[in-house]
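# Observations on the three-dimensional arrangement
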Amino acid sequence: MREWTRDERYRVLQSADEVRDLFERIRKSPYRQTYHIQPVTGLSSDPNGFACYNGVWHLFYQWCPWGAVHGLKYWYHVSSPDLISWKNEGVGLAPDCIYDNKGTHSGSAIAEGDDLYFFYTGNHRDENWVRTPYTCAAVLGKDGKPVKLEKPLFGPRDDYSEHQRDPKVVWNEEKKKYYIFIGAQTLDKRGTVLIYESEELLKGWKFSGQLNVPGFEQFGGMWECPCIQRISGKDVLIFSPQYTRLPGRGESTNHNVYLVGQMDYDTLTFTPDSDYRYLDYGFDFYAAQLAANVNDPDKAIIVSWIGLPDNHYPTEEEDWEGSMILPRELRLRDGKLIQTPISGIETLREAEISPEGTLPDACEVQAVCPGGDFDLNLFTKEDGTGGFTIHYNEAEKKMTVNRKGMNKRFNTNVFEELDVPLENGLKSLRIFIDRSSVELFINDGEETFTSHIYPEENEHHYTVSTGTEMHIWPLKASVKDDFVI
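Here is a short report on the structure shown in this document. Not measured: the values here are computed from a predicted model.

Within the largest apolar cluster, 126 residues are counted, with the highest numbers of intra-cluster contacts made by Leu378, Phe388, Met399 and Leu429. Judged by nonpolar contacts, the second largest core, of 17 residues, contains Phe119, Val139, Ile180 and Ala184.

Below, the structure written as structure tokens:
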């Protein structure tokens, strides 16, 4: 694995020509996605600034242009009319002022009136590399590029650690106020959320206090990417706890969870109805963000990074890494989030093919399970060995997903096998396969499982339990992999 110097990682991009050759090289990779958002070059990580504005969906992602390395971060902009077909729009926010001199870090967006507003963390470092995180804002200009405010909305609080980032802005109709939720860490290294309020988006922000979540005072060492949204009369709080190990998650210290309950803005208390749940059970799912301006009281739309901090993936050798999940629709049922692929994704289907034991590079697979124990092994060799194995144990009501059988193994020190508890047993699987990712929707979205996967030429077969009803559709490309900086 290449070792990057600080100067290399934090080099400022001066011209598109500096990465043109890199783009031409990586676009030939067999692992470039066909219907998932991916970096134009280098690394993509957290999704940012996700909102609908004037009938167009806007999404940005954390981008380091030089390679698969976390360094100087930009916001890279993609757009879509339908959350299915995406095109590259170029750099949205660049680290070009004193307040974000070492990165435009994660944040959110909201459309109000005729404008689209962005809120992000300006990562400032001084000559001694001491970090100061600022909460900054920008407004989409007439040319389609965000225009930054000259000064931050506010700076960090010194009664918390330097980890104060990822502003999520929401409007509360009852209070007639905007609130910003900031992922944070206490001085004794406990994860939390800081809350600010204002009656206006671009001024008047004041500190309200720390979010109180009874029962979760000692949960994780940092809460990244907090999101909150009301769905069907309940508040849903999503966040990514770091620096902690959770049951059944191997050696990983980065997770994505959610709570369902009630948010009281008077007392800044979120009261959960039950314990936390995993937002996705897979190996590679992090930093989920909810879209603004969905305008449906019973639905939210979510996107996340297919990847984890501190993990490493095979395409790093090609100087690129990262993808976004398919956008998903979220609904509440019996106190749980149900996740389904974005409406209309079926339009990418080509003619259904006969289930003959081979898999296209990009496809949708549907399996109706016959009952009892079940096995589906994807990406096997021609003789049925190896692969990405999915085993369901009916007696234990548990699915086990294992990628140890693949030729390209990675993150073996973190996890290669994970369990998914299924309270209602296993009835069906809907699977979206792209060239370097797999997304499982279990029982019409009762649970999901997301993974990077890097099959080689001899790993495009599968085996399945007898009696399973199978359907396979190749999927058309929907992402324009164009060089736009």
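After that view, the rundown keeps rolling.
Okay, the side chain of Lys73 next. Mapped onto the elements, Lys73 comes out in the loop between strand E2 (56-64) and strand E3 (74-80). Here Lys73 occupies a buried position and makes no salt bridge, while the nearest side chain of opposite charge, Asp46, is found at 6.4 Å. Polar contacts involving the side chain of Lys73 include one to the side chain of His70, which spans 3.1 Å. Not counting residues within four places of it along the chain, the set of residues in contact with Lys73 comprises Leu43, Ser45, Gln62, Trp63, Cys64, Pro95, Gly103, Thr104 and His105.

What follows concerns the pattern of salt bridges. Using the criterion set out here, one finds 35 salt bridges in the structure. Note that Arg331 and Glu329 form a salt bridge whose closest N and O atoms lie 3.1 Å from each other. Linking Glu456 and Lys408 is a salt bridge whose minimum nitrogen-to-oxygen distance equals 3.8 Å. Here Glu456 is found in the loop between strand E30 (447-452) and strand E31 (461-464), whereas its partner Lys408 is found in the loop between strand E26 (398-405) and strand E27 (417-421), with 48 residues between them in sequence. Judged by its relative accessible area of 31%, Glu456 is partly exposed. Since its relative accessible area comes to 27%, Lys408 is described here as partly exposed. When salt bridges that share partners are traced, they join Glu346, Arg349, Glu364 and Arg430 into one network.

Take the environment of Pro327 next. Its place among the elements puts Pro327 in the loop between strand E20 (320-321) and strand E21 (328-333). If we skip the residues at most four places from it in the chain, Pro327 touches Leu83, Trp86, Ile301, Ile302, Thr340, Pro341 and Ile342.

A word on the sheet that holds strand E8 (residues 146-148). Pairing within the open sheet is antiparallel, and its 4 strands lie in the order E5-E6-E7-E8. For this open sheet the edge positions go to strand E5 (104-112) and E8, each flanked by a neighbour on one side alone. Within the sheet, the average angular offset between the axes of one strand and its neighbour, ignoring direction, is 30 degrees.

Right, let's talk about the sheet that holds E26 for a bit. Spatial strand order, E27-E26-E25-E24-E31: 5 strands in an open sheet with antiparallel pairing. Whereas interior strands pair on both sides, the edge strands pair on one side only; in this sheet they are E27 and E31. The sheet shows a mean angle of 10 degrees between the axes of neighbouring strands, direction not considered. Examined bridge by bridge, strand E24 (residues 374-380) and E31 share 4 bridges and lie antiparallel to one another. By the bridge assignment, Leu378 is partnered in E31 with Tyr462.

Analysis parameters
For every chain, the first residue of its written sequence is number 1, and the numbers climb from 1 along that sequence. It should be noted that, the model being predicted, local features are given only for residues of pLDDT at least 70 and side-chain atom pairs only at 80 or more, the latter also being counted only at that level, while totals for whole chains, interfaces and linings use all residues. The side-chain figures draw on all heavy atoms in the structure; neither hydrogens nor water molecules are used. Residues belong to one nonpolar core when they are buried, are Ala, Val, Leu, Ile, Met, Phe, Trp, Tyr or Cys, and are joined through side-chain atoms within 4.5 Å. Only protein chains enter the accessibility calculation, which uses a 1.4 Å probe; a residue whose area is less than 20% of its type maximum is buried, one above 50% is exposed, and one in between is partly exposed. Labels follow the DSSP assignment, with helices taken as runs of H or I lasting at least four residues and strands as runs of E lasting at least two, numbered in each case from the N terminus. In summary, the charge assignment counts Lys and Arg as positive and Asp and Glu as negative, without counting His or the chain termini. Salt bridges are defined as contacts in which a side-chain nitrogen from Lys or Arg sits within 4 Å of a carboxyl oxygen from Asp or Glu. In protein, a polar contact requires one atom able to donate a hydrogen and another able to accept it; more generally it is a pair of N or O atoms within 3.5 Å, and residues adjacent in sequence count only if both atoms are side-chain atoms. It only takes one pair of heavy atoms within 4.5 Å for two residues to be counted as in contact. By this definition, two strands are paired if DSSP reports at least two bridges between them. All axes here are fitted lines through C-alpha atoms, helices being fitted over the stretch that makes contact, and every angle between N-to-C directions spans 0 to 180 degrees.

Distances and angles like these do not, on their own, reveal function.
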